[in-house]
Amino acid sequence: MSQVLDILQVGDPILRKICVPVTTIDDELLNFLADMKETLKQGGIGLAAPQVGRAIQLVTIDIPLDDISTTYICINGERKRLADIMPFDFINPEITPYGPKAYFTEGCLSIQDVYERIRRRSKIRGTFTLLDGTSINLECNGLLARCIQHECDHLKGILFTDRIGQDPD
C-alpha cells in the first residue's frame, strides 16, 4: 500500500544535491515511485525524488488533463495528448529547453506559500527513460514543458527561487 511521504522544505541539504542517475529499476524503486505519486495526489503537479529525501534522478508529473497551455506533445515523432502520457514518470532525463522565453508564476511543494514569476523557455525536447526501461524522445510546450524544467532543476539541486530575475539561456 502506498504512503504519503514527507516533503522536504527549503533549507534541507538534500534539496541542493546533484542527483545520481537511477541504474536499476526494481520493486524497491517502483514502490518508492508509488509513494511519490500518492504524495503528489495531496496537491501539486510534479514531484522529484530529492523533495522526498532521495537524491536520485526520478520524477513524477501529473498535469491536469484540462490544461489548455500544453498544445504540442510529440513522442518519438508521433503527436500525443496529455491523456496519453499522464501521469508522466521518468528517470535520468536529458532535456534541452528552447523556443521563446515566457514568464509564468511558479510555486513549489518544497517552498510553501511562495509564488514568483519565473522566466523559462516555452518548449523542451529531451530523452527520458520510462519506468519500464524504454527510452523516449519527447518534445512539448506549455505547462508540461515548464513543469519538466522545474522538476529537472530539482535533480541538479536548483530551486525555482534561484531563477528569480534570471534570463534563461
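Please refer to the structure higher up on the page.
Residues numbered from 1 in each chain as written. Predicted model: local features only at pLDDT ≥ 70, side-chain atom pairs only at ≥ 80, totals over all residues. Heavy atoms only, no water.

> When you look at the layout of surface pockets in this model, what are you seeing that I'm missing?
If you roll a probe as big as a water molecule over the atoms, it shows you where there is empty space left. Roughly 360 Å³ of volume is contained in the largest pocket. With six residues, helix 3 (residues 142–155) is the largest single contributor of residues to the lining of the largest pocket. Its residues assigned to classes, the lining of the largest pocket comprises nine nonpolar, eight polar and four charged. Reported here for the second largest pocket is a volume of approximately 270 Å³. Considering the residues around the second largest pocket, the lining is formed by 14 residues, among which Pro97, Gln149, Asp153, Arg163 and Pro168 are closest to the centre. Of all the elements in the fold, those that place two or more residues in the lining of the second largest pocket are strand 5 (88–108), strand 6 (111–129) and helix 3. Split into classes, the residues belonging to the lining of the second largest pocket amount to four nonpolar, two polar and eight charged. (1 Å grid on protein atoms, 1.4 Å probe; cavity = no way out; pocket = protein on both sides within 12 Å on 5 of 7 lines; lining within 4 Å. Points joined across faces, edges and corners; volume = space filled by probe spheres on them. Helix = DSSP H or I, 4+ residues; strand = E, 2+ residues; numbered from the N terminus. Nonpolar A, V, L, I, M, F, W, Y, C, P; charged D, E, K, R; others polar.)

> In this structure, what is going on with the packing of aromatic side chains? I would like to understand it.
Both the distance between ring centres and the angle between the ring planes are used here to describe each pair of aromatic rings. Overall, the coordinates contain three aromatic pairs when judged by the stated rule. Pairing phenylalanine 88 with phenylalanine 90 gives two aromatic rings, centres 4.8 Å apart and planes at 40°, and the pair type is tilted. An aromatic cluster of three or more residues is present, and its members are Phe88, Phe90 and Phe128. Over the ring of phenylalanine 32 we find arginine 54; its NZ or CZ atom is 4.6 Å from the centre of that ring. Here the guanidinium or amino end of arginine 125 rests over the ring plane of tyrosine 98, the centre of that ring lying 3.8 Å away. (Phe/Tyr/Trp six-rings, centres within 6.5 Å; stacked < 30°, edge-to-face > 60°. Lys NZ or Arg CZ within 6 Å of the ring centre and 35° of its normal.)

> What's the story with helix 3 in this structure? I'm lost.
For helix 3, spanning 14 residues, the distance from its first C-alpha to its last is 21 Å, which sits close to the expected 20 Å at 1.5 Å a residue. Along helix 3, 13 of the 14 residues are buried, which leaves the element largely enclosed by surrounding structure. A positive backbone phi angle near 75° is found at glycine 157, which sits one or two residues after helix 3. (Expected span 1.5 Å × (residues − 1). Buried < 20%, exposed > 50% of the residue type's maximum accessible area, 1.4 Å probe, protein only.)

> Would you take a moment to explain the pattern of salt bridges for this structure?
Opposite charge on two side chains permits them to pair, given that their charged atoms come into close proximity. Within the structure shown, the criterion is met by twelve salt bridges. Between arginine 54 and glutamate 28 there is a salt bridge, with its nearest N and O atoms 2.9 Å apart. Of this pair, arginine 54 sits in the loop between strand 1 (46–48) and strand 2 (58–61) while glutamate 28 sits in helix 1 (residues 27–40), and the two are 26 residues apart along the sequence. Residue arginine 54 is classed as partly exposed on the basis of its relative accessible area of 27%. Aspartate 153 serves as the salt-bridge partner of arginine 120, at 3.0 Å between the closest nitrogen and oxygen. Placement of the pair is arginine 120 in strand 6 and aspartate 153 in helix 3, with a sequence separation of 33 residues. Taking relative accessible area as the criterion, arginine 120 reaches 3% and is therefore assigned buried. (Salt bridge = Lys/Arg side-chain N within 4 Å of Asp/Glu carboxyl O.)

> Teacher, can you tell me more about the pairing of strand 5 here?
It is a general feature of regular strands that their side chains alternate between the two faces of the sheet. In this sheet, strand 5 lies alongside strand 2 in antiparallel orientation, the contact comprising four bridges. Opposite threonine 60, over in strand 5, you have aspartate 89 as the bridge partner. In this sheet, strand 6 lies alongside strand 5 in antiparallel orientation, the contact comprising 13 bridges. Residue pairing for strand 6: isoleucine 95 is matched across the bridge by glycine 126. The hairpin turn running from strand 5 into strand 6, its antiparallel successor, is two residues long. (Pairing = 2+ DSSP bridges.)

> Quick question: what am I supposed to make of the sheet that holds strand 1 here?
Within a sheet, adjacent strands bond to each other through the backbone by hydrogen bonds, running parallel or antiparallel. One open sheet accounts for seven strands, arranged 1-2-5-6-7-3-4; its pairing is antiparallel. What marks the edges here is a single partner per strand, and that holds for strand 1 and strand 4 (78–79). In the packing of helix 1 onto the sheet, contacts are made with strand 1, strand 2 and strand 5, and the angle to strand 2 comes to roughly 40°. Against the sheet, helix 3 engages strand 1, strand 2, strand 3 (73–75), strand 5, strand 6 and strand 7 (135–141), with an angle of about 115° to strand 5. (Contact = heavy atoms within 4.5 Å. Axes fitted to C-alpha atoms, helices over the stretch in contact; angles between N-to-C directions.)

Limitation: the analysis is restricted to geometry and does not speak to function.
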